[in-house]
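Fold and contact review
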Amino acid sequence: MMKLKIRRQEGKKSWYEVFEVEERPGMTVLEALFHVQEKLDGSLTFRYSCRGAVCGSCGMLINRVPRLACRTQVSELRKEPTNEGNPEVLIANRKTEENNDEILIEPLPDLEVIRDLVVDMEVFYSLLDNVRPWLEVKEDVPEKENIIDHEMQLMIEQYTNCILCAICHGSCPVAARDKKYYGPAALAKAWRFDLDPREDEKHREQRRDIVDSVSGVWGCDTVYRCVAVCPKKVAPTQGINELRKRIELTEK
Ligand code: FES
């Protein structure tokens, strides 16, 4: 048996509740939550859709590290400290304790809790909108295909893998203290479109002007927590650093 210690919330009232769940081989945290909801407490509320690390809706704090519940195996968590774990230590070195039988589950931080493990993503999406995360193609587009070369495609691909799960946002110390900071997901998106050779120059410049600010790339502490936690290996900090270089080059 293992224990899930879950932060519950209903309205302004919040509390922690411990549930005992029988661990099965290959069980994910999401499956453990289903077990609680189906067998122990039908009122437990959490968000999910694809169950396969595609939709980005099951982000939560698991042992104080933001992760996807559908991608996190319960067996991996047995080697981690639980309650008092420092997130940075957990990210850097997850194996610090043997056979821990309690998993701590909380909602993503820095977003308002709607109920239990469900947070309001509205703030996250509006921060994303700031960087104009879409492509405005140049006027002289070819009639049939607007092809980009393979090397560039691979560079862009890493950033298109973002599933907007807000896990990077939940790990970011700047997002925690500065509510105007666009955050790692938005800035990674900005880099994805900045890279794209099909982008109209005027639109690219407008976006660079927007991210050339303390709410943008200059606000980042460059501590790489977002890179450590991203379940899709997007590497927002690298994108932020590249945007900084491009901005500095264009200002010379
Ligand atoms: S349920 Fe879709 S990413 Fe976890």
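Analysis parameters
Residues numbered from 1 in each chain as written. Predicted model: local features only at pLDDT ≥ 70, side-chain atom pairs only at ≥ 80, totals over all residues. Buried ≥ 20, exposed ≤ 12 C-beta atoms within 10 Å, placed from the backbone. Helix = DSSP H or I, 4+ residues; strand = E, 2+ residues; numbered from the N terminus. Pairing = 2+ DSSP bridges. Axes fitted to C-alpha atoms, helices over the stretch in contact; angles between N-to-C directions. Expected span 1.5 Å × (residues − 1). Contact = placed C-beta atoms within 7 Å.

So, on to the pairing of strand 5 (residues 102-106). Consecutive side chains along a regular strand alternate between the two faces of the sheet. When you tally the buried positions in strand 5, you get 4 out of 5 residues, the bulk of the element. The sheet contact formed by strand 1 (residues 2-10) and strand 5 spans 4 bridges and is parallel. In the strand pairing of strand 5, Lys3 is matched with Glu102. Pairing of strand 3 (residues 59-62) with strand 5, which is carried by 2 bridges, proceeds in the antiparallel orientation. Within strand 5, the position partnered with Ile62 by the bridge is Ile105.

What follows covers the pairing of strand 2 (residues 13-21). Note: strand 1 against strand 2, 9 bridges, orientation antiparallel. Pairing of Lys3 across the sheet is with Glu20, part of strand 2. The hairpin formed by strand 1 and strand 2 contains 2 residues between the paired strands, and Gly11 there has a positive phi angle of roughly 60°.

Right, let's get into the sheet that holds strand 4 (residues 65-68). Ordered in space as 2-1-5-3-4, the 5 strands form an open sheet in which the pairing is mixed. Looking along the sheet, the strands with just one partner apiece sit at the ends: strand 2 and strand 4. Neighbouring strand axes in the sheet, compared pairwise and without regard to direction, differ in orientation by 35° on average.

Summarising the element assignment, Val18 is placed in strand 2. The exposure class assigned to Val18 is exposed, which follows from the 10 C-beta atoms found within 10 Å. Between the alpha carbons of Val18 and Met2 there is a distance of 9.9 Å; along the sequence they are 16 residues apart.

Look at helix 8 (residues 184-195): 16 Å from first C-alpha to last across 12 residues, which is about the 16 Å you get at 1.5 Å a residue. The element helix 8 is extensively covered by neighbouring structure, given that 11 of its 12 residues are classed as buried. What helix 8 keeps buried is the set Pro184, Ala185, Ala186, Leu187, Ala188, Lys189, Ala190, Trp191, Arg192, Phe193 and Asp194. Against helix 4 (122-129), helix 5 (150-160), helix 6 (167-171), helix 9 (201-211), helix 10 (225-229) and helix 11 (236-251) lie the buried residues of helix 8.

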